[in-house]
Amino acid sequence: MPCEAQLSSSFYDNTCPKALSTIRTAVRTAVSRERRMAASLIRLHFHDCFVQGCDASILLNDSSSIQSEKNAPNNLNSVRGYDVIDDVKSEVESICPGIVSCADILAVAARDASVAVSGPTWTVNLGRRDSTTSGLSQAATNLPNFSDGLDRLISLFGSKGLSERDMVALSGSHTIGQARCVTFRDRIYDNGTDIDAGFASTRRRRCPATSGDGDDNIAALDLVTPNSFDNNYFKNLIQKKGLLQSDQVLFSGGSTDSIVTGYSKSPSTFSSDFASAMVKMGNIEPLTGSAGEIRKLCSAIN
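It should be emphasised that the depicted structure is a prediction, and the values quoted were computed from it without experimental measurement. (Residues numbered from 1 in each chain as written. Predicted model: local features only at pLDDT ≥ 70, side-chain atom pairs only at ≥ 80, totals over all residues. Heavy atoms only, no water.)

### Topic: the packing of helix 2 (residues 37–49) against helix 3 (residues 82–95)
Relative orientation and spacing of two packed helices are given, respectively, by the angle between their axes and the distance between those axes. At a closest axis distance of 10 Å, the pairing of helix 2 and helix 3 adopts a crossing angle of 80 degrees. Comparing their axes, helix 3 and helix 2 come out roughly perpendicular. Contacts between helix 2 and helix 3 involve Met37, Leu41 and Leu44 on the former and, on the latter, Tyr82, Val84 and Ile85. Across the contact of helix 2 with helix 3, the residue classes tally to six nonpolar, no polar and no charged. (Axes fitted to C-alpha atoms, helices over the stretch in contact; angles between N-to-C directions. Helix = DSSP H or I, 4+ residues; strand = E, 2+ residues; numbered from the N terminus. Parallel < 35°, antiparallel > 145°, perpendicular 65-115°, else oblique. Contact = heavy atoms within 4.5 Å. Nonpolar A, V, L, I, M, F, W, Y, C, P; charged D, E, K, R; others polar.)

And the structure:
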């Protein structure tokens with residue numbers, strides 16, 4: 001990305017030296033209050049970056065000039081953690097008003113969330129600015145869907161400059177977090193050859209077959225160690241125990257099988273690939289220089 005060079009890990013060193021430690025403390029508190037929040041914050045950054053780049057456009061609420069991305073099909077009643085980001089922003093504003101962007105807070109919070117659940121760490125490049133527009137229509141087409149096939153996922157990630165390996169590594173964040181019954185119902189009732197029968201039967205207990213019944217019941221994406229950031233997600237896929245269709249397609253006889261196998265055998269390879277993929281993702285089309293603005297409130301343009 002041409003803008004990449006303008007981001008720098010030392011961006012706030014002089015203008016707001018306590019920014020990073022303030023974000024870290026707030027994220028750690030939020031995750032200790034609710035462990036699931038770690039996954040939610042990582043996903044929030046991801047859903048931001050895939051729509052108009054990493055510009056905090058996902059945080060804007062509806063207004064006369066904004067059609068909020070929060071209402072996109074893949075975000076509504078699904079993406080969470082907005083309140084945590086609002087809290088972090090107000091803490092940062094109290095020490096350095098008007099300096100630190102919401103887009104950078106999202107990027108730092110994702111890294112701190114990973115660390116809070118013993119996941120990988122990485123150096124976050126900073127200097128993104130906040131958008132003054134939202135991309136509701138883009139959100140419908142640019143975000144992956146739980147029912148997507150492998151080719152669709154590869155082309156979607158490819159369109160953002162991310163390789164198949166980046167995609168598989170990033171999907172490994174499903175080692176933590178939860179999914180709603182409505183997102184995996186078809187898979188557990190299909191009696192397909194790509195799902196372990198015992199696993200399907202376990203998951204049916206909290207996810208009734210009838211649409212509209214228990215839609216919002218949640219299940220862990222990683223049945224084995226749902227609260228630990230590890231490589232169990234990949235071991236699950238090899239055993240046909242991926243919860244979402246879009247998880248299991250990564251190990252279903254296609255071009256990504258060998259990557260999944262590699263990560264299932266080497267936690268350290270997964271860790272370092274996840275970290276570098278997160279850095280690449282955080283570099284998608286940032287607004288820099290005088291583009292965009294630094295919002296006072298993350299949910300509204302100034």
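Once you've had a look at it, read on.
### Structural notes on empty space enclosed by the protein
Across all of its chains, the model carries two cavities of 30 Å³ or more by this definition. In this structure, the largest cavity spans a volume of roughly 70 Å³. His45, Ala107, Ala110, Trp122, Thr123, Val124, Asn125, Arg128, Met278, Val279, Gly282 and Asn283 together form the lining of the largest cavity. Here the element with the most residues in the lining of the largest cavity is helix 13 (residues 267–282); it accounts for three residues. (1 Å grid on protein atoms, 1.4 Å probe; cavity = no way out; pocket = protein on both sides within 12 Å on 5 of 7 lines; lining within 4 Å. Points joined across faces, edges and corners; volume = space filled by probe spheres on them.)

### Some thoughts on the domain arrangement of the protein chain
For the protein chain, the assigned domains read domain 1 (18–143) and domain 2 (150–278). Spacing between the C-alpha centres of domain 1 and domain 2 amounts to 23 Å. Domain 1 puts 22 residues into the contact, and the matching count from domain 2 is 17 residues. Buried area between domain 1 and domain 2, both sides added, is near 1600 Å², and the carbon and sulfur share of it is 68%. Considering only the side of domain 1, the residues that lose the most area to domain 2 are Arg36, Phe50 and Pro120, jointly responsible for 33% of the buried surface there. Our enumeration of links across domain 1 and domain 2 arrives at zero salt bridges. For the pair domain 1 and domain 2, the interface holds four residue pairs in polar contact (both at pLDDT 80 or more). The set of elements that each furnish at least two residues to the side of domain 1 that touches domain 2 consists of helix 2, helix 4 (102–116) and helix 5 (136–142). (Domains from an automatic or database assignment. Buried area = accessible area lost by both parts, 1.4 Å probe. Salt bridge = Lys/Arg side-chain N within 4 Å of Asp/Glu carboxyl O. Polar contact = N/O pair within 3.5 Å; in protein donor to acceptor, adjacent residues only side chain to side chain.)

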